[in-house]
Amino acid sequence: MTRTLSATASPPPASGERIAIIGAGATGTYTLEALTRTGAAREIVVFESGDTCGPGLAYSEQLNDPHALSNIAGIEIPPVVEPLNVWAVRQPRGRLDAWGIGDDAGNDRAFFSRVVLGAWLADQFTLVVERSPIPVSVHRQADVIDVVALPHGCRVNWRDGAGSAFQDAFDRVIVASGYGPITPKGNGAGESAGKAAVHIGVLGSSLSAIDAVVGIAMKRGDFVERDGRLVYVAETPWRATLFSRHGLLPEADFWFPHPLPELEHFTPESAAASVRGEDGDLDRLFVLFARALAAADPDWAKTIGLADATADDFAERYFAERQARGPWAHARTNLADVKAWHANHRTPAWRIAILKAHEVFAEVIPALSPADLARLHAGLKRVFTDNYAAVPHLSIERMLALHDAQAVDLVALGKDYEISPGSGLSWLVRSPDWTGRVDELIDARGSQAAALNHFPFPTLRLQLCASALAEGEDWKSGLNPAEDLTCGTDGDVALKRVHLCALPFLLRNRPFVQGLVECAAMARAMAESIRAEPSEASASISTMDLLEMLDQPSISLADGAVLPIAASDEQLETATG
Ligand SMILES: Cc1cc2nc3c(=O)[nH]c(=O)nc-3n(C[C@H](O)[C@H](O)[C@H](O)COP(=O)(O)OP(=O)(O)OC[C@H]3O[C@@H](n4cnc5c(N)ncnc54)[C@H](O)[C@@H]3O)c2cc1C
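Residues numbered from 1 in each chain as written. Predicted model: local features only at pLDDT ≥ 70, side-chain atom pairs only at ≥ 80, totals over all residues. Heavy atoms only, no water.

**Looking at the overall build of the protein chain**
- Looking only at helices and strands, the protein chain has 19 helices and 20 strands in total.
- Put simply, the protein chain has 577 residues, and 53% of those count as buried.
- Long-range contacts, defined here as pairs at least 24 residues apart, represent 74% of the contacts in the protein chain between residues at least 6 apart.
- When the accessible area of the protein chain is evaluated, it comes to approximately 25,300 Å², of which 52% is carbon and sulfur surface. (Helix = DSSP H or I, 4+ residues; strand = E, 2+ residues; numbered from the N terminus. Buried < 20%, exposed > 50% of the residue type's maximum accessible area, 1.4 Å probe, protein only. Contact = heavy atoms within 4.5 Å. Areas by Shrake-Rupley, 256 points an atom, 1.4 Å probe, with all protein chains shown as cover.)

In structure tokens, the structure reads:
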């Protein structure tokens, strides 16, 4: 265990809260920075299961292939202490060349590999700790194993790298544990197929899937520049088939003005005013969205028949031409188009309008009814994700080179497909348009929403499940916290001391929450709410507090099961299914 104390010249402030941050990935790093700046805390303790603070899973050097690119450029990444490109230009030339960004360090429209963002985040974390006006303790290789929220404070139980158990008390806890603890063995990201497999199946076709395929390609051959074009030369024979529901590739990143211009008719205010918290909100929002789109780009609106479109069939209209053209022909045309738009800063207005509209939708989605939320996931979400998750040009160039070399293909599985294990590591894939066997299958579908019964800390999980039950909410759909990322009713002072920004549990109700922009926005929202409404500070938890909790030693679930408050993992798994 490494313990780092910030250098604080003056004595620590007597007022403010003692706050724990669980997880030092991007969200934990932005949160630490926001808390040290707002003066809401008198002391902060960070727990990180890995060796390094800052990168988290997505940008870790150990877990990510050096060729895997991020899909966000410096211009969009919120600075921590300094912006990505300002940091990049002060790195030694040798380091920049090793990352392949020697000539691009200052270009805030360039996409860097994910490990570069990881190095930036690690340095930013160190700078935040060094510059903090309040004491910050950092426990690395420290696994938090439980959190208990009590009316007068929170208890955190954790283990250090040697397996010794500890307990500490806080006024408040911020759960920024993301995709789970990073262990030396890795979490699966960036894993690639064994060397022996000749035909590899890859589930998914987004940037994660492209990264997985490029990782394999680099191990079994090389990309070379020929006549101004990227070409793939294989050293050993292999091929990969990407399987996705619709058989589409992501589009290449397009130029857009930053910040994005406001939309006519569809603003956060007009969207909020049309939401009543009942079925039909999605249709009301769609009317505003369609009006804004038609105003921004009337010609495009006519070509897709926007006047007759609905929230449920818009996605079909949006993807129709691309689907008809096929993924590879579309990728080639789209790449040529986006390069021209980047050169002359003239992207079609409808694309920029959809990009802005996704930000407006993101603010009101948590208020949608379950039925409207399900409709959004089935249709419009695909459109927004397609638009904001456009990928680096190089990623598409690499895919085209692999396809031209007959190393990679893409299959649309449709709705009715079956994937079952064959002999050894092989898998059988059956779908209406493609049936066959692959030697190995990689799941590269990217981040998936998680249900609350998989929440990592057993006592807090039980408290959250009980609170969801009391509110009549379905815990299978994850968390739907308030703007300050706390759950529970206003009277529930214990749960108001815990902020929940572990992404997989938020994804169902906030489908656009992943990404660095959102990590920083959550950090700002939490720090601001803590500054505005500090809880009564009492970080030492008294015996009376525990007795108060033991007053209600068990919780009755809807199916009649009675659970003791300090239930074991196994009990919870069984009870919550
Ligand atoms: C493969 C991948 C690629 C991505 N690429 C991009 C991209 O290009 N652009 C973009 O904007 N977004 C991208 N994202 C989205 C990304 O999720 C966010 O940008 C961000 O990195 C999430 O950070 P986080 O801190 O919330 O979670 P994580 O990165 O998961 O970090 C959580 C941290 O908490 C620690 N932790 C977990 N549990 C415990 C515990 N019990 N005790 C102590 N510590 C614990 C972990 O060790 C980890 O360091 C990507 C996501 C993935 C998975």
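Having seen the structure, we can now continue with the description.
**Regarding the packing of aromatic side chains**
- In the structure shown here, the tally under the stated rule is 25 aromatic pairs.
- Each ring, one from Trp158 and one from Phe166, has its centre 4.6 Å from the other, and the planes form 20°; the classification is stacked.
- Note on Phe254 and Phe256: the rings are 6.5 Å apart at their centroids and 75° apart in plane angle, and the pair reads as edge-to-face.
- Taking relative accessible area as the criterion, Phe254 reaches 4% and is therefore assigned buried. (Phe/Tyr/Trp six-rings, centres within 6.5 Å; stacked < 30°, edge-to-face > 60°.)

**Some remarks on the sheet that holds strand S14 (residues 418-421)**
- The sheet built from 3 strands is open, its strands ordered S14-S15-S16 with antiparallel pairing. Looking at the sheet topology across the chains shown, the edges are occupied by S14 and strand S16 (435-438). Strand-to-strand, the axes of this sheet are offset by a mean angle of 20°, without reference to chain direction.
- Relative to strand S15 (residues 427-430), S14 is paired through 4 bridges, and the arrangement is antiparallel. Considered in S15, the bridge of Pro421 is made with Trp427. (Pairing = 2+ DSSP bridges. Axes fitted to C-alpha atoms, helices over the stretch in contact; angles between N-to-C directions.)

**Topic: the nonpolar core**
- Residues Val175, Phe455 and Leu460 are the most contacted members of the largest nonpolar core, which totals 85 residues.
- For this core, the element with the most residues is helix H4 (residues 114-131), which contributes 9 residues.
- Setting aside its immediate chain neighbours within four residues, Leu460 contacts Asp146, Val147, Ala149, Val175, Phe455, Leu495, Val498 and Leu500.
- Grouped together as the second largest cluster of nonpolar side chains are 40 residues, Ala240, Phe256, Ile352 and Val391 included. (Core = buried A, V, L, I, M, F, W, Y, C linked by side-chain atoms within 4.5 Å.)

**Here's the deal with the pattern of salt bridges**
- Scanning the model with the defined rule gives 28 salt bridges in all.
- The closest approach of N and O atoms between Glu251 and Arg351, which form a salt bridge, is 2.5 Å. Here the residue Glu251 occupies a position in the loop between strand S12 (239-244) and helix H6 (268-274), and Arg351 occupies one in helix H11 (residues 349-364), the gap between them amounting to 100 residues.
- When its relative accessible area of 5% is taken as the criterion, Glu251 is described as buried.
- As a salt-bridge pair, Glu418 and Arg430 come within 3.3 Å of each other at their nearest N and O atoms. Here Glu418 is found in strand S14, whereas its partner Arg430 is found in strand S15, with 12 residues between them in sequence.
- Exposure remark for Glu418: the relative accessible area of 44% places this residue in the partly exposed category. (Salt bridge = Lys/Arg side-chain N within 4 Å of Asp/Glu carboxyl O.)

**Here we look at helix H12 (residues 370-378)**
- Those residues of H12 not exposed but buried are Asp372, Leu373, Leu376 and His377. Axial view of H12: buried residues confined to an arc of 140°, hence all on one face.
- Looking at the buried positions of H12, the neighbouring elements they touch are helix H7 (281-296), H11 and helix H13 (380-388). (Arc of directions from axis to C-beta.)

**Things to note about the sheet that holds strand S17 (residues 440-443)**
- The sheet built from 4 strands is open, its strands ordered S13-S12-S9-S17 with parallel pairing. One side of each edge strand has no neighbouring strand; the edge strands of this open sheet are strand S13 (408-412) and S17. Within the sheet, the average angular offset between the axes of one strand and its neighbour, ignoring direction, is 25°.
- For strand S9 (residues 199-203) and S17, the ladder comprises 4 bridges, and the chain directions are parallel. Residue pairing for S17: Leu203 is matched across the bridge by Asp443.
- Sitting on the sheet, helix H5 (residues 207-220) touches S9, S12, S13 and S17, and the angle it makes with S9 is about 160°.

**A short note on the side chain of His358**
- Residue position: His358 is located in helix H11.
- A residue is classified by how much of its surface remains accessible, and His358, at 13% relative accessible area, is buried.
- When sequence neighbours within four positions are dropped, the list of residues in contact with His358 reads Phe384, Tyr388 and Phe512.

**Looking at the environment of Pro78**
- As for its placement among the helices and strands, Pro78 is situated in the loop between strand S3 (41-47) and helix H2 (84-89).
- A relative accessible area of 15% means that Pro78 is categorised as buried.
- Residues Pro78 and Val517 lie 439 residues apart in sequence; the distance between their C-alpha atoms is 6.2 Å.
- Discounting residues that sit within four places of it in the chain, Pro78 has contacts with Tyr30, Trp120, Leu516, Val517 and Ala520.

**Topic: the packing of H7 against H12**
- Relative to each other, H7 and H12 sit at 50°, their axes nearing to 8 Å. In terms of their interaxial angle, H7 and H12 are classed as oblique. Across the interface between the two elements, Asp281, Leu282 and Asp283 of H7 pack against Asp372, Arg375 and Leu376 of H12.
- Here the residues of the contact of H7 with H12 are counted per class, giving 2 nonpolar, no polar and 4 charged. (Parallel < 35°, antiparallel > 145°, perpendicular 65-115°, else oblique. Nonpolar A, V, L, I, M, F, W, Y, C, P; charged D, E, K, R; others polar.)

**Notes on the state of the cysteines**
- Tallied over the full model, the rule gives 0 disulfides.
- Cys501 takes part in no disulfide bond, and the closest cysteine sulfur, belonging to Cys519, lies 8.5 Å away. (Disulfide = S-S within 2.5 Å.)

**Looking at the site of the ligand**
- Around the ligand, the surrounding shell holds 32 residues, and the nearest of these are Thr27, Glu48, Leu57, Asn71 and Tyr179.
- Measuring from a nitrogen atom of the ligand, one finds a backbone N or O atom of Val144 at 2.9 Å.
- One nitrogen or oxygen atom from the main chain of Leu516 is found 3.0 Å from an oxygen atom belonging to the ligand.
- When the ligand is considered free in solution it has 990 Å² of accessible area, and contact with the protein chains removes 93% of it.
- Of all the elements in the fold, those that place two or more residues in the shell around the ligand are helix H1 (26-38), strand S5 (143-150) and helix H17 (516-532).
- Taken together, the residues that form the shell around the ligand break down as 18 nonpolar, 11 polar and 3 charged. (Near = heavy atom within 4 Å. Polar contact = N/O pair within 3.5 Å; in protein donor to acceptor, adjacent residues only side chain to side chain.)

**Some words on the packing of H7 against H11**
- Where H7 contacts H11, the axes come no closer than 9 Å and their chain directions differ by 155°. In terms of orientation, H7 lies roughly antiparallel with respect to H11. Our pair here, H7 against H11, has a crossing hand that is right-handed. Two secondary-structure elements touch here, H7 through Leu282, Leu285, Phe289, Leu293 and Ala296 and H11 through Ala349, Trp350, Ala353, Ile354, Ala357, Phe361 and Val364.
- Here the residues of the contact of H7 with H11 are counted per class, giving 12 nonpolar, no polar and no charged. (Left-handed = near helix turned anticlockwise from the far one by under 90°.)

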